[in-house]
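Report on the structure
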Amino acid sequence: MSTTAITPVPLGRRVKRFMADRPLIPLAILLIILVVILQILRPGIVNERWIANTIKFAIPLAILAGCQTMTMLTGGIDLSVGTVATMSAFIMATQVVNQDPAVAFLLAMMPAVLIGLVNGIGVGVFRVHPLIMTLGTSLIGTGCLQVYQRTVIASGAKIPDFLAWLGTGVTWGFPNALLLFVPLAALIVFTLARTGFGRLLYAVGDNERATRLSGVQYWQVITALYVTSSVLAGITGLLYIGLIKAPSLSLAEPLVLPSVAAAVIGGTSIFGGRGGYTGTIIGALILTVLTTLLTILQMPEGARRILFGLIVLFVTAAYLRIVEER
Amino acid sequence: MTTSPLLDATGVAKNYGAVAALRNASLSVLPGEVHALMGANGAGKSTLVKILTGAIPANAGRILIRGEARDIRSPAAARRAGLLPVYQEPSLIPDLDVLSNLRLTGTPVEPFRAWVRELGIADLDLRDTARDIPLAVLRVLDLARALAVEPDVLLLDEMTAALPANLAEKVLEVVRRQGDSGRAVIFISHRFVEISALCDRATVLRDGETVGVVDIVPGVEEKIVELMLGARIVKTHVAARSAAQKAAPAPARPRIAVQNLRVGTKLSDVSFDLADGEVAGVVALEGQGQDELFAALAGSIRPSGGTIEVDGAPVKFSHPIDAIRAGIAYVPGDRSEALAMQRSVRENIALPFSAALRTWGPINMRKERATVLSAIERLQIDTRAQGEVQRLSGGNQQKVTIARWIAADARTILCFDPTRGIDVGTKQEIYKLLRELAGNGKSVLFYTSELEEVQRVCDRVIVIFGGRLVDIFPVEEADEPALMRAAYGLPRGAKADIGILADPTAHAYDAPEATP
Amino acid sequence: EGKYTIGISNTVQGNGWREEMVCAMKAQALASGEVTKLNIAHRNTDAAGQLEDIRNLISAKVDAIVVNPADPAGIKAGLEEATKAGIVVVAVDQAVTEPSAYIISNNQEQYAYLGAKWLFQQMGGKGEVFYMRGAAGASADSDRDKGFKKALAENPDVKVAQEVFTGWQQDQAKQQMLSFLATGTPFNGIWTSGIDNVIVDALVESQAPLVPVVGADNAGFVGQLSSVKGLVGAAVTNPGSIGGAGVTLALQILDGKKPAQQTVLVDPQLWDNATDEGKAKLKAAADPSLSPEWPVSISIPEWTTYTKEQIIACKGPGE
Amino acid sequence: MSHFLRRQGWVVGLFALLIILFIATRIIQPAYGSNDFGSLARAVLPYAFAVAAQTVVVIAGGIDLSVAAMMALTSVTAASMMNGASEEYALFVVPFVLAMGFALGALNGLLIVVTRVPDIVVTLAMLFVLQGAALLVLDAPGGAAAEWLKALISGTVPLPGLPDAIDSWVPKALLVLIVCLCIIWIPLRRSRLGLSLYAIGSSELAAFRSGVPVKRTRIIAYALSGLLAAFGGLALTMSTGIGAPIPGPYLLASVAAVVLGGVALGGGKGGLLGPIVAVFVLRLVRTDLTLLAIDPNVTAIIEGAIMVAVVMFGAFITMRGRQ
Ligand SMILES: Nc1ncnc2c1ncn2[C@@H]1O[C@H](COP(=O)(O)OP(=O)(O)OP(=O)(O)O)[C@@H](O)[C@H]1O
Ligand SMILES: Nc1ncnc2c1ncn2[C@@H]1O[C@H](COP(=O)(O)OP(=O)(O)OP(=O)(O)O)[C@@H](O)[C@H]1O
Ligand SMILES: [Mg+2]
Ligand SMILES: [Mg+2]
């Protein structure tokens with residue numbers, strides 16, 4: 001056999017290995033396939049306006065999924081992002097009626113910081129399971145919001161023009177929300193890859209004892225993480241209220257489960273230590289396109305949901321298959 | 001000798017993606033034989049054991065048991081075929097008590113109990129949860145569990161590596177008797193003393209390939225080493241360090257001064273100094289308080305009494321970061337405790353750089369790369385699979401744990417059994433490294449479970465027994481019998497017979513009366 | 001002063017309509033002067049959870065229970081036990097199957113029928129309608145579907161271009177509207193199950209042609225009907241203040257004044273901005289100071305006696 | 001004894017908390033009696049099954065987000081099958097629905113094992129699938145339940161040889177709960193299969209090496225979860241007499257009660273008793289809040305705070321114990 005020193009690797013294997021080393025490519029291909037299916041089902045739907053709309057709706061989901069990505073890297077999860085986003089949106093819309101926008105902004109971000117801090121201390125110091133901790137604070141937050149709501153029924157609500165511009169505006173075919181999202185996403189990607197904090201998120205999620213022996217103080221990392229996550233959720237809330245323009249007490253709640261799904265589809269492991277934000281962004285786009293696809297299909301709601309579940313499962317499974325082929 | 005082999009594996013190969021863990025391994029074991037499986041780190045020993053016992057599937061190869069081809073797909077199937085392993089990591093279920101663990105594997109309880117006693121653990125409560133049992137005892141329980149079902153072939157993967165001398169000896173006695181009673185044992189160890197005291201033949205692996213099968217006769221060690229290392233021959237026997245090599249006389253003020261240190265009931269009244277430029281050895285049997293001593297010095301646990309002074313100033317550590325700030329780094333014996341297994345070699349080495357709040361910002365990649373590379377070079381880490389530390393072999397993982405602190409330039413390193421399960425070549429490198437560090441004025445506290453290492457590395461030896469410091473030896477007097485005696489709490493100078501390791505030439509052996 | 005304790009059970013929390021309903025109950029209890037204490041069980045749950053709440057209210061020995069049923073049939077057993085314990089039971093908003101209970105309800109089938117009929121008229125009896133329903137599987141949604149289908153049957157030339165479930169969620173509805181617009185499917189009218197202002201927003205933002213829109217009397221939408229240029233639409237009333245009416249009915253029964261029938265249906269009204277009459281009604285009802293999710297019809301003339309300040313203060317007796 | 005306390009300490013503490021709550025309830029409402037206790041038992045029923053379903057998979061190291069959707073699907077299936085059918089027909093419906101839960105649960109497990117997608121994602125996807133299926137069975141709440149089924153959980157059990165005063169404190173619902181759970185749990189706990197569940201939850205690798213068929217055990221864990229969720233669905237139909245396709249608040253409640261009950265979310269630890277007691281505690285807290293006529297918006301805050309506080313307290317004790 002020494003004559004054939006270099007056995008040619010079959011093309012299929014090579015393609016697979018190529019994709020496994022660049023997990024974003026299969027994800028992007030999946031996204032494109034979905035868009036093509038959509039275009040086939042409704043010729044002409046994929047136009048500039050549709051793309052702008054899809055991006056507009058994918059952005060808040062992508063930011064919340066960023067919160068999940070970061071917390072999931074440490075083996076956690078943040079179920080309070082929906083409540084936090086709703087709270088800051090609702091407070092912003094009601095406070096801006098009587099307050100200076102800057103003051104309203106500060107007031108709106110206060111509960112976000114507070115909830116993040118409580119989450120961080122609960123998880124980092126008291127070692128409460130993140131699922132339970134964030135679920136608990138989200139219940140508490142919802143209760144507080146309802147109590148608050150009663151005090152502002154009469155004051156009405158207003159969406160600041162700037163937020164409406166940011167949320168719904170489109171300039172030269174690009175949604176204005178990208179102005180917020182692109183720097184934010186770049187910052188998250190940079191933080192995860194090139195900063196000490198990002199390194200620690202991965203390391204803590206991988207082996208907490210090892211980080212402790214290296215001098216890392218777990219509670220500091222976790223507290224900073226959950227505060228960051230909450231602040232991001234708060235900002236999402238402001239962007240979202242600009243997009244929806246109707247404050248309600250359950251505004252961002254429907255985004256919570258999809259945000260977890262987007263992070264997972266994007267290749268982040270819920271057990272910690274593995275993943276990244278770029279995949280998550282594509283995951284959020286996939287989910288948004290999928291929602292449209294299912295809305296367009298004429299079929300009973302039940303069948304639509306079944307299809308949604310099956311596609312999410314299939315996409316994740318297919319992605320894992322490709323990436324694990326190493 | 002034409003007895004047919006009990007187990008015969010040929011052409012076994014296993015690939016992990018591009019890396020070939022095994023290429024062409026073969027192993028043939030005769031009934032009644034204790035068969036050593038040897039090889040440098042990363043040679044593929046553990047992988048072979050896992051394949052033989054169905055824990056992982058092979059890519060190629062043929063396995064015959066008693067001449068019959070068997071396809072063993074799971075540990076349960078291996079068990080049915082009479083193959084029982086004791087893997088390197090304890091495989092008792094952590095959250096179940098010992099009794100439930102026995103029930104789970106269908107192990108008869110009474111023989112198990114008998115074996116546990118035989119193996120030198122007197123007071124085992126079967127209702128204890130496995131998680132609460134010390135590692136060394138767990139390994140012995142694992143062995144007892146395997147013995148209790150009377151397997152045809154027992155596969156022991158570095159069984160003695162984490163064991164203190166007293167337990168290791170009992171294990172060796174028992175293993176030898178297995179061979180005498182017509183069953184076969186495959187025995188993996190990096191310790192030549194054990195191999196020569198115990199084994200009949202040895203199969204040597206190199207880079208995933210079987211490179212030789214040798215009979216164990218006096219003096220065969222050199223040959224095995226040659227086979228194991230191939231081109232990479234290293235002088236195995238470094239002469240005991242000469243007094244001239246010793247660092248300059250210790251300065252007046254010690255680097256670390258420990259006074260009357262007490263940790264719960266595990267450690268009491270321990271006092272000693274550690275000077276700059278010194279390697280101080282620690283010798284103790286399993287569970288004598290050495291873990292607590294290291295943990296207290298590393299800031300992992302808080303002592304309940306006594307003082308620790310660093311450079312003359314008293315310190316109180318409440319978190320490892322405090323110790324690290326004082327220049328004290330800790331290398332735990334268990335690699336999985338020190339490494340983020342899914343992260344790269346580079347990130348693992350650079351981990352302490354990001355620990356402090358003020359270093360959470362952007363990383364200077366170029367500077368980091370240079371620092372990490374120099375540490376990797378200094379320790380000669382095999383970085384073929386550096387993307388994820390878990391893909392490195394055990395020895396290389398161990399090097400990464402040390403490299404981290406070389407890169408961080410720690411002044412004092414607490415090494416807890418750093419050569420556990422490491423091949424001779426790598427061991428030499430680590431000894432050299434520790435001496436070099438001392439030469440550069442660093443100080444090292446070095447616990448080892450292999451007594452012969454003491455004279456190669458240490459300047460002084462501290463012996464702990466029953467949580468107390470019983471003796472401090474100068475290195476010249478710290479020969480193995482003396483250390484062994486002290487480790488058993490016997491006063492210096494007393495004579496007592498302490499088993500086969502003290503007298504490795506004693507091959508004849510009287511079987512004890514009770515055989516379960 | 002007061003002499004009665006009234007228990008309240010509601011199973012949707014955090015929705016503007018339901019919040020107004022609870023506030024109307026509190027305000028009415030306070031305004032009547034007959035209630036010492038309100039005992040409110042108000043959370044997100046299902047029929048089984050509402051049974052638990054009703055039984056807890058029985059344990060608390062209230063005099064009457066006003067309930068917005070999660071499901072008409074699902075809480076029958078609990079209501080029966082309450083009646084047996086001598087408690088007056090009034091169901092608001094939706095009917096219940098328990099015969100001993102009194103019902104004062106918005107007519108959901110009529111709500112949908114009225115709006116759809118007006119919409120189809122506006123469309124000239126033909127064309128394509130975008131049908132935006134509520135939450136799949138909710139009983140109010142299926143009642144409304146009946147009314148919508150009835151109007152559809154009367155207008156055979158009207159076709160449903162697309163049917164979606166908004167889940168009564170603003171964000172979902174808006175995204176669905178924008179996606180639908182992007183498909184370029186022609187349509188001539190939109191019927192919504194009360195998630196309305198985001199739909200108008202979506203039309204305006206994407207500069208789509210403004211087709212007739214039917215929604216509910218939510219403050220936001222009512223405002224849009226007068227302020228958005230070129231928008232033709234109608235608000236169908238679905239007063240959350242029905243809760244206050246329920247309290248009034250309960251108190252009347254406690255005082256011995258039983259109504260002639262077990263069931264009192266409050267029929268919806270339709271305010272459109274296509275007629276002057278409708279415009280006037282819209283103008284009278286518009287209330288920009290209200291939270292936009294709140295229905296503007298904050299009182300029901302024969303049934304509630306509180307003032308606007310009282311319902312906005314949202315305080316019950318003893319608070 | 002010390003073994004018992006160390007292992008069951010948390011459950012004993014929960015029991016103590018429950019008793020304190022009962023005393024508090026009697027103080028708040030002196031007339032709180034056996035009828036009210038019966039109401040509590042009926043309220044507990046669906047939650048208890050949901051929690052039991054969650055407990056089994058959590059012990060096996062997983063999590064099941066589809067519990068509530070599974071309950072909704074089994075509930076509407078049962079209700080629509082019994083709609084207009086004879087009383088005897090229900091004798092067939094009950095085992096059919098239970099088998100359906102078991103099979104769908106096994107499908108959950110099978111998908112996890114085959115696709116190797118994390119359990120949390122598979123069960124999240126199944127949540128949508130089951131919900132969709134429930135909507136296809138019944139697009140609005142409806143259906144019916146056989147009278148004998150409804151009677152099965154209302155009223156009390158006449159126990160021979162016991163005075164009425166005691167009888168009246170034994171509601172049928174409680175008995176149904178105990179019997180159903182015991183039939184499944186006790187044999188399981190004593191069997192090798194039960195040990196295997198704990199084993200794979202504690203350490204999958206160690207379990208595999210101990211000869212546990214890891215995949216099969218995982219599938220069985222999810223199948224059992226499906227079965228218990230089907231019991232929960234039946235309990236919903238029994239108490240309401242209908243089936244509702246929109247899932248109730250059982251998913252989050254089940255996760256919360258599992259943790260409150262001392263079952264570690266990592267797997268391998270805890271038992272069924274703790275979570276069930278935790279359900280009683282949580283339901284009784286709700287009763288007390290209603291009896292006290294607390295502002296309903298504050299009750300959400302209180303429930304969230306209790307959950308967080310109890311779990312923090314537990315974490316605090318374990319931290320103290322470790323030192
Ligand atoms: N999962 C994996 N992925 C990639 N490479 C691997 C993996 N596991 C093992 N290897 C590689 O295969 C080789 C053999 O490893 P193995 O651990 O079997 O050696 P070993 O003889 O047990 O050595 P040691 O004594 O150091 O443990 C090593 O070079 C290692 O890097
Ligand atoms: N069941 C498994 N599935 C996947 N990878 C495994 C499995 N078991 C072991 N490995 C990988 O194989 C590699 C080799 O592990 P191995 O058991 O040989 O021990 P080691 O840590 O290299 O130690 P040493 O000499 O000290 O044996 C490791 O990288 C490990 O992650
Ligand atoms: Mg090995
Ligand atoms: Mg190895």
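In the annotation of an unreviewed UniProt entry, chain D is listed under the name Autoinducer 2 import system permease protein LsrD and assigned to Mesorhizobium caraganae. According to UniProt, the comment filed for chain D under the heading Subunit (unreviewed entry) is "The complex is composed of two ATP-binding proteins (LsrA), two transmembrane proteins (LsrC and LsrD) and a solute-binding protein (LsrB)."

Once that is clear, we can look at the overall build of chain D. Counting its regular elements, chain D contains 14 helices and zero strands. A compact globule built from 323 residues should have a C-alpha radius of gyration of about 20 Å, and chain D, at 20 Å, falls within 12% of that. In terms of overall dimensions, chain D has a C-alpha envelope of 55 × 55 × 45 Å along the principal axes. Expressed as a percentage of contacts within chain D between residues at least 6 apart in sequence, the contacts between residues at least 24 apart total 77%. Surface exposure of chain D reaches about 12,000 Å², of which carbon and sulfur atoms provide 70%. For chain D, the centre of its 19 positive side-chain charges and the centre of its 13 negative side-chain charges are spaced 19 Å apart.

With the rule as written, the count across this model stands at 14 cavities of 30 Å³ or more. The space that makes up the second largest cavity amounts to roughly 130 Å³. Looking at the second largest cavity, the residues that line it are Pro75, Arg79, Leu83, Leu84, Pro85, Tyr87, Ser91, Asp142, Arg145 and Ala146 of chain B together with Arg209 and Ser210 of chain D.

Below, the discussion takes up the interface of chain B and chain D. Counting from both sides, the interface comprises 26 residues of chain B and, opposite them, 22 residues of chain D. A buried area of about 1,900 Å², summed over both sides, lies between chain B and chain D, and 54% of it is on carbon and sulfur atoms. Considering only the surface of chain B that becomes buried against chain D, Asp95, Arg103 and Leu104 of chain B emerge as the three largest contributors, covering 30% of it. One can count zero salt bridges joining chain B with chain D. Seen at the junction of chain B and chain D, the total is four residue pairs in polar contact (both at pLDDT 80 or more). Listing elements by their share of the side of chain B that touches chain D, those giving two or more residues are α2 (75–80) and α3 (98–105) of chain B. Considering every element that reaches the side of chain B that touches chain D, the biggest residue donor is α3 of chain B, with four residues. Looking at side-chain class alone, the side of chain B that touches chain D contains nine nonpolar, six polar and eleven charged residues.

Another aspect to go through is the UniProt feature "transmembrane region" (unreviewed entry) in chain D. All names here are of chain D. UniProt annotation of "transmembrane region" (unreviewed entry) refers to residues 12–32, 44–69, 89–113, 120–138, 169–188, 219–242, 248–265 and 300–319 when read in the numbering used here. Between the C-alpha atoms that bound residues 44–69 there is a distance of 18 Å. The span itself is 73% helix and 0% strand. Along residues 219–242 the backbone is 92% helical and 0% strand, and the end-to-end C-alpha distance reaches 30 Å.

This brings us to the sheet that holds strand β12 (residues 267–274) of chain B. All names here are of chain B. Taken together, four strands build an open sheet; the order of strands is β12-β11-β14-β15 and the sheet is antiparallel. Every other strand in the sheet has two partners, leaving β12 and β15 (313–315) as the edge strands with one partner each. Sheet twist, expressed as the mean angle between neighbouring strand axes with direction ignored, is 25 degrees. Judged from the five bridges that link them, strand β11 (residues 256–263) and strand β14 (residues 305–310) form a sheet pairing that is antiparallel. By the bridge assignment for β14, Val258 is matched with Ile308. Lying over the sheet, helix α9 (residues 290–297) contacts β11, β12 and β14, oriented at roughly 125 degrees with respect to β11.

Once that is clear, we can look at the state of the cysteines. Scanning the model with the defined rule gives one disulfide over all chains in all. Across the disulfide from Cys23 of chain C sits Cys314 of chain C; the S-S distance is 2.0 Å. The sign of the S-S torsion, about -85 degrees, decides the handedness of the disulfide formed by Cys23 of chain C and Cys314 of chain C: left-handed. Of this pair, Cys23 of chain C sits in helix α1 (residues 16–32) while Cys314 of chain C sits in the segment after α11 (308–313); the two residues are 291 residues apart in sequence, bridging distant segments of the chain. Residue Cys23 of chain C is classed as buried on the basis of its relative accessible area of 2%. Considering cysteine sulfurs only, Cys182 of chain D is the nearest to Cys180 of chain D, which forms no disulfide, with 9.5 Å between them.

The subject of this paragraph is the site of ligand 2. Residues and elements named next belong to chain B. Residues in contact with ligand 2, as listed here, are Tyr16, Ser46, Lys50, Ile56, Gln88, Glu158, Arg335, Gln390, Arg391, Ser393, Gly394 and Gly421. Side-chain polar atom of Glu158 to an oxygen atom of ligand 2: 3.1 Å apart, as the coordinates give it. A total of 630 Å² of accessible area belongs to ligand 2 in isolation, and the protein chains cover 68% of it. Counted by class, the shell around ligand 2 contains two nonpolar, six polar and four charged residues.

Interface size is often expressed as the accessible area that is lost when the parts come together. Listed per partner, the contact involves 39 residues of chain A and 39 residues of chain D. Each partner contributes to the roughly 3,400 Å² buried at the junction of chain A and chain D, and carbon and sulfur atoms together form 82% of this total. The three residues of chain A that bury the most area against chain D are Phe126, Ile132 and Leu313 of chain A, which together make up 17% of that side's buried surface. Scanning the region where chain A abuts chain D turns up zero salt bridges. In this assembly, chain A and chain D are joined by one residue pair in polar contact (both at pLDDT 80 or more). Elements represented by at least two residues in the side of chain A that touches chain D include exactly α6 (130–151), α12 (256–265) and α14 (301–324) of chain A. Considering every element that reaches the side of chain A that touches chain D, the biggest residue donor is α14 of chain A, with 14 residues. When grouped by side-chain class, the residues that make up the side of chain A that touches chain D number 24 nonpolar, nine polar and six charged.

All right, on to the packing of helix α4 (residues 81–95) of chain A against α6 of chain A then. Residues and elements named next belong to chain A. Where α4 contacts α6, the axes come no closer than 9 Å and their chain directions differ by 15 degrees. Here α6 runs roughly parallel to α4, going by the angle between their axes. Here the hand of the crossing between α4 and α6 comes out left-handed. On α6, the residues touching Thr83, Thr86, Met87, Phe90, Ile91, Thr94 and Gln95 of α4 are Ser138, Gly141, Thr142, Cys144, Leu145, Tyr148 and Gln149. Split by residue class, the contact of α4 with α6 holds six nonpolar, eight polar and no charged.

Residue and element names in this part refer to chain D. Together, Phe15, Ile19, Ile23, Ile27 and Leu273 line one region of the surface with nonpolar side chains, adding up to about 510 Å² of accessible area. A total of four residues in the nonpolar patch trace back to one element, the largest contributor, which is helix α1 (residues 2–28). Within the secondary structure, Ile27 sits in helix α1. Among the residues examined, Ile27 registers a relative accessible area of 64% and is labelled exposed.

What follows is about unusual backbone geometry. Positive phi, normally seen in glycine, also occurs at Gln380 of chain B, with a value near 50 degrees. Inspection of the secondary structure assignment puts Gln380 of chain B in the loop between α12 (365–379) and α13 (394–407). A positive phi angle, close to 60 degrees, is found at Lys61 of chain C, a residue other than glycine. Counting through the fold element by element, Lys61 of chain C comes out in the loop between α2 (47–59) and β3 (64–67). Overall, Lys61 of chain C belongs to the partly exposed group, its relative accessible area being 49%.

Conventions and cut-offs
Residues numbered from 1 in each chain as written. Chains lettered and ligands numbered in written order. Predicted model: local features only at pLDDT ≥ 70, side-chain atom pairs only at ≥ 80, totals over all residues. Heavy atoms only, no water. UniProt positions renumbered as here; feature names shortened; annotations may be inferred. Helix = DSSP H or I, 4+ residues; strand = E, 2+ residues; numbered from the N terminus. Rg over C-alpha atoms; globule rule 2.2 N^0.38 Å. Contact = heavy atoms within 4.5 Å. Areas by Shrake-Rupley, 256 points an atom, 1.4 Å probe, with all protein chains shown as cover. Lys, Arg positive; Asp, Glu negative; His and termini not counted. Charge placed at Lys NZ, Arg CZ, Asp CG, Glu CD. 1 Å grid on protein atoms, 1.4 Å probe; cavity = no way out; pocket = protein on both sides within 12 Å on 5 of 7 lines; lining within 4 Å. Points joined across faces, edges and corners; volume = space filled by probe spheres on them. Buried area = accessible area lost by both parts, 1.4 Å probe. Salt bridge = Lys/Arg side-chain N within 4 Å of Asp/Glu carboxyl O. Polar contact = N/O pair within 3.5 Å; in protein donor to acceptor, adjacent residues only side chain to side chain. Nonpolar A, V, L, I, M, F, W, Y, C, P; charged D, E, K, R; others polar. Pairing = 2+ DSSP bridges. Axes fitted to C-alpha atoms, helices over the stretch in contact; angles between N-to-C directions. Disulfide = S-S within 2.5 Å. Buried < 20%, exposed > 50% of the residue type's maximum accessible area, 1.4 Å probe, protein only. Near = heavy atom within 4 Å. Parallel < 35°, antiparallel > 145°, perpendicular 65-115°, else oblique. Left-handed = near helix turned anticlockwise from the far one by under 90°. Patch = residues over 30% accessible without salt bridge, like charges linked within 9 Å, V, L, I, M, F, W, Y side chains within 5 Å.

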